[in-house]
Amino acid sequence: MIDYREKIADALQPAMEGISREEILEMIETPADSKMGDYALPCFKLAKVLRKAPPMIAKGIAESIADDPMFAKVEQVNAYVNMFLDRKDLAGEVVGEVLAQGGDYGRSDLGGGRKVIVEYSSPNIAKPFHIGHIRSTVIGSSIANIYDYLGYDVFRINHLGDYGTQFGKMIVAYRRWGNREDVEREPISTLLDYYKRFHEEAEKDPSLEDEARATFTRLEHGEPEEVELWQWFRDESLKEFNRVYDMLGIRFDSYNGESFYSDKMPRFVKELEDKGLLEEDDGAQIVRLDDYDLPVALITKSDGSTLYITRDIAAAVYRKETYDFYKNIYVVASQQNLHFQQWIQILEMMGYEWARDCVHVPFGLVSMEEGTMSTREGRVIFLEDVLNRAVDQTREIIKEKNVNTENIEETAAAVGIGAVIFNELSNYRIKDYVFSWEHVLNFEGETGPYVQYTHARACSILRNAGEDIVAKAKAGFDPNFLTGDSANELIKLLYAFPQVVAEAGEKYEPSIVTRHIVDIAQAYNRFYHDEHILVEDEAEKTAKVALVMAAKYTLAAGLALLGMKAPERM
Ligand code: ARG
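Presented here is an overview of the structure given in this document. What you see is a predicted model, and the numbers here were worked out from it, not measured in a lab.

**Focus on the overall build of the protein**
Phase 1: A count of helices and strands for the protein gives 22 helices and 12 strands.
Phase 2: Across its three principal directions, the C-alpha atoms of the protein cover 90 × 65 × 40 Å.
Phase 3: Within the span of the protein, comprising 570 residues, buried residues form 54% of the whole.
Phase 4: Long-range pairs, those at least 24 residues apart, make up 73% of the contacts in the protein with a sequence separation of at least 6.
Phase 5: For the protein, the accessible surface area stands at approximately 25900 Å², while carbon and sulfur atoms represent 46% of it.
Phase 6: Of the side-chain charges in the protein, 64 are positive and 97 negative, and the distance between the mean point of each set is 1 Å.

Structure (structure tokens):
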């Protein structure tokens, strides 16, 4: 694909003596209002170097490039040079390129196969998988998709919270009051009940706490009976998590969580000690971070057991040694900002020069319209229930609207679950947001169903056009038919797509893709509204079908990056 910025910089260069190419590239803007051109050059900054008034400079530059065939028109307006690309050439270039790349449009080898680890979801075993977990799960998965698309070698890790003293309590509770059938029938809520019961009983009988501690120590030492129970709790919980991952179409390359690092800890405690970073404090081992304005980090407790941060230190080094990552990305809630600041600081103090290749990608809170969640008061909204409800409601809407589909169940799942994913990825991740059913499932707003529906409408036009015309369009088309305002707006958005994907990767921000495909869907619908597509004239029809197809490919690629399906009928 032609890089128009580069081409424009080439054209501008002769009239901008003394300004470096880099600077010229930086100065070129894309005006929000296309009446000001497809590209514009503000000349204020040039006044000093060229020793003339900015409007005079703009005039000179505009005249110098006016005859370049790349432009249909060049205007000087005050201190600006406004440049309008030749619409026909742009249409031929962009639509031709999208059709050539098809379903892979926007894919690149920017990453050159370098290894990127994306850690996401990472729920805690035997704890409810609730609506709060959707954020890490969906944002992380999309970031992984985006990096994959950009040509990185992506490795997806679910760093399960499968370790800690609570497992001692759960084992004690299970042995006293539990039974196998209950756990197998409904693992997470049953285990959670045991855990709650433990706390109730321990108030009356504090010796239970000692028993739990001893049990956890046995687990840490690898005693077969404890390990077997713990393993079983973990397996049963994972079954439940996997049901949700299947619904979301999400997968992982590794489920190595906290427990995986439990036997790798002594090496790091020793290393911290050898490097003079460890201090004893009341039997516990700590690292002081005063010099960095951070609170003390607890590395081991007085009973010798390790902590969350210790396991994260071990995990980072393990990942570097095992995968030799270029980047190691952690998609974890902003509530853990402090933890990650301490952790990265300690890695730096240990002398790991790759510490800054580890990136914490934080995100804000989700709350429900009906009020905040509280595990203690039993106000938990399970993610699985949310997804099921989204599918149920979508099924109703589909029936009501008499949607044309061969498989209602499949479409309801793609659209219902897609709606939840899309909603999750609509705003900047760092913003807190309120989950609203009305908004999520709206087919008209800036929502998942709207984009999917637009894609399906494009598919329907292509079916109506017939295979013949579609094949012709792929082979070639006359771009003179694609120069109307709404066609041109759509084409410019398609052109920007690869750049948008790269930017979303750089900023770890899938919402940039989300917003862009909403823009494309809206531009497509304007084009569809303004122009008659399946006209008599075959050359015109072929060209318009080519643009519809290009829009369809780009929408589908964008949806896939978010982790959504793009049904062909709905
Ligand atoms: N299990 C943790 C939680 O649910 C999240 C783990 C985040 N990842 C990490 N490497 N610390 O809060």
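So much for the structure itself; the text now carries on.
**Considerations on unusual backbone geometry**
Phase 1: Notably, Arg 51 is not glycine yet its phi reads approximately 55 degrees, a positive angle.
Phase 2: Turning to its location among the elements, Arg 51 is positioned in the loop between α3 (46–50) and α4 (54–65).
Phase 3: Exposure remark for Arg 51: the relative accessible area of 72% places this residue in the exposed category.
Phase 4: At Ser 122, a position not held by glycine, the phi torsion is positive, near 45 degrees.
Phase 5: Note that Ser 122 resides in the loop between β4 (115–119) and α6 (133–149).
Phase 6: Taking the relative accessible area as the measure of exposure, Ser 122 reaches 19% and is therefore buried.

**Quick notes on the layout of surface pockets**
Phase 1: Roughly 1300 Å³ of volume is contained in the largest pocket.
Phase 2: Along the wall of the largest pocket there are 41 residues; nearest its centre are Tyr 39, Lys 492, Tyr 495, Ala 496 and Gln 499.
Phase 3: With 11 residues, helix α20 (residues 485–506) is the largest single contributor of residues to the lining of the largest pocket.
Phase 4: Residue composition of the lining of the largest pocket, by class: 19 nonpolar, 9 polar and 13 charged.

**Considering the sheet that holds strand β1 (residues 39–42)**
Phase 1: The 3 strands lie next to each other as β1-β3-β2, forming an open sheet whose pairing is antiparallel. A strand with exactly one partner marks an edge of an open sheet, and here the two such strands are β1 and β2 (71–77). This sheet shows a mean twist of 15 degrees between the axes of neighbouring strands, independent of strand direction.
Phase 2: With 4 bridges connecting them, β1 and strand β3 (residues 80–85) associate as antiparallel partners. Within β3, the residue paired with Ala 40 across the bridge is Asn 82.
Phase 3: Packed on one face of the sheet, helix α1 (residues 4–12) meets β1, β2 and β3 and runs near 45 degrees to β1.

**Topic: the site of the ligand**
Phase 1: Taken together, Glu 119, Ser 122, Asn 124, His 159, Tyr 308, Asp 312, Tyr 330, Val 332, Gln 336 and Phe 340 are the residues near the ligand.
Phase 2: One of the side-chain nitrogen or oxygen atoms of Glu 119 is found 2.8 Å away from a nitrogen atom of the ligand.
Phase 3: Asn 124 places a polar side-chain atom, nitrogen or oxygen, 2.7 Å from a nitrogen atom of the ligand.
Phase 4: Its free accessible area being 350 Å², the ligand has 86% of it covered by the protein chains.
Phase 5: Here the residues of the shell around the ligand are counted per class, giving 4 nonpolar, 4 polar and 2 charged.

**Here we look at the environment of Ala 314**
Phase 1: In this structure, Ala 314 sits in helix α13 (residues 308–323).
Phase 2: Measuring from C-alpha to C-alpha, the distance between Ala 314 and Phe 268 comes to 6.7 Å, with 46 residues separating the pair along the chain.
Phase 3: With residues near it in sequence (within four places) discarded, Ala 314 still touches Tyr 261, Met 265 and Phe 268.

**Here's the deal with the nonpolar core**
Phase 1: Counting residues in hydrophobic clusters, the biggest one holds 159 residues, and the most contacted among them are Leu 41, Val 81 and Phe 435.
Phase 2: When residues of this core are assigned to their parent elements, the largest contribution, 14 residues, is made by helix α22 (residues 538–562).
Phase 3: Here Leu 41 is in contact with Leu 12, Met 16, Met 27, Ile 28, Ile 61, Ala 79, Tyr 80, Val 81 and Met 83, once residues within four sequence places are set aside.
Phase 4: The next biggest cluster of nonpolar side chains, apart from the first, holds 35 residues, and it includes Ala 297, Ala 314, Tyr 352 and Ala 355.

**What about a nonpolar patch on the surface?**
Phase 1: Together, Phe 44, Val 77 and Tyr 80 make up an exposed nonpolar region whose accessible area comes to about 260 Å².
Phase 2: With respect to the helices, strands and loops of the structure, Val 77 is situated in strand β2.
Phase 3: When its relative accessible area of 35% is taken as the criterion, Val 77 is described as partly exposed.

**Section: the sheet that holds β4**
Phase 1: Taken in spatial order, the 4 strands line up as β5-β4-β9-β10 in an open sheet, and their pairing is parallel. With partners counted over all chains shown, the strands left at the sheet margins are β5 (153–157) and β10 (358–361), one partner each. Neighbour to neighbour, the strand axes of the sheet diverge by 20 degrees on average, direction disregarded.
Phase 2: In this sheet, β10 lies alongside strand β9 (residues 327–331) in parallel orientation, the contact comprising 4 bridges. If you follow Asn 328 over to β10, its bridge partner there is Cys 358.
Phase 3: Sheet strands in contact with α6 are β4, β5, β9 and β10, and its direction is about 155 degrees off that of β9.
Phase 4: Against the sheet, helix α14 (residues 337–349) contacts β9 and β10, and its axis sits at roughly 170 degrees relative to β10.

**Overview of helix α11 (residues 224–248)**
Phase 1: In this model, α11 (25 residues) spans 35 Å end to end at C-alpha, consistent with the 36 Å of a helix rising 1.5 Å per residue.
Phase 2: Residue Gly 249 follows α11 closely and has a positive phi angle near 70 degrees.

**Some remarks on the pattern of salt bridges**
Phase 1: The tally for this structure, following the rule as stated, stands at 40 salt bridges.
Phase 2: Measuring nitrogen to oxygen at the nearest pair gives 2.7 Å for the salt bridge that ties Glu 258 to Arg 311. Taken as a pair, Glu 258 in the loop between α11 and α12 (265–274) and Arg 311 in helix α13 lie far apart in primary sequence, 53 residues in all. For the pair shown, Glu 258 and Arg 311 are each scored as buried.
Phase 3: With a closest N to O distance of 2.8 Å, Lys 270 and Asp 274 form a salt bridge. Taken together, the residues span about one helical turn, with Lys 270 and Asp 274 both in helix α12 at a distance of 4 residues.
Phase 4: Since its relative accessible area comes to 56%, Asp 274 is described here as exposed.

Cut-off values and rules
Residues numbered from 1 in each chain as written. Predicted model: local features only at pLDDT ≥ 70, side-chain atom pairs only at ≥ 80, totals over all residues. Heavy atoms only, no water. Helix = DSSP H or I, 4+ residues; strand = E, 2+ residues; numbered from the N terminus. Buried < 20%, exposed > 50% of the residue type's maximum accessible area, 1.4 Å probe, protein only. Contact = heavy atoms within 4.5 Å. Areas by Shrake-Rupley, 256 points an atom, 1.4 Å probe, with all protein chains shown as cover. Lys, Arg positive; Asp, Glu negative; His and termini not counted. Charge placed at Lys NZ, Arg CZ, Asp CG, Glu CD. 1 Å grid on protein atoms, 1.4 Å probe; cavity = no way out; pocket = protein on both sides within 12 Å on 5 of 7 lines; lining within 4 Å. Points joined across faces, edges and corners; volume = space filled by probe spheres on them. Nonpolar A, V, L, I, M, F, W, Y, C, P; charged D, E, K, R; others polar. Pairing = 2+ DSSP bridges. Axes fitted to C-alpha atoms, helices over the stretch in contact; angles between N-to-C directions. Near = heavy atom within 4 Å. Polar contact = N/O pair within 3.5 Å; in protein donor to acceptor, adjacent residues only side chain to side chain. Core = buried A, V, L, I, M, F, W, Y, C linked by side-chain atoms within 4.5 Å. Patch = residues over 30% accessible without salt bridge, like charges linked within 9 Å, V, L, I, M, F, W, Y side chains within 5 Å. Salt bridge = Lys/Arg side-chain N within 4 Å of Asp/Glu carboxyl O. Expected span 1.5 Å × (residues − 1).

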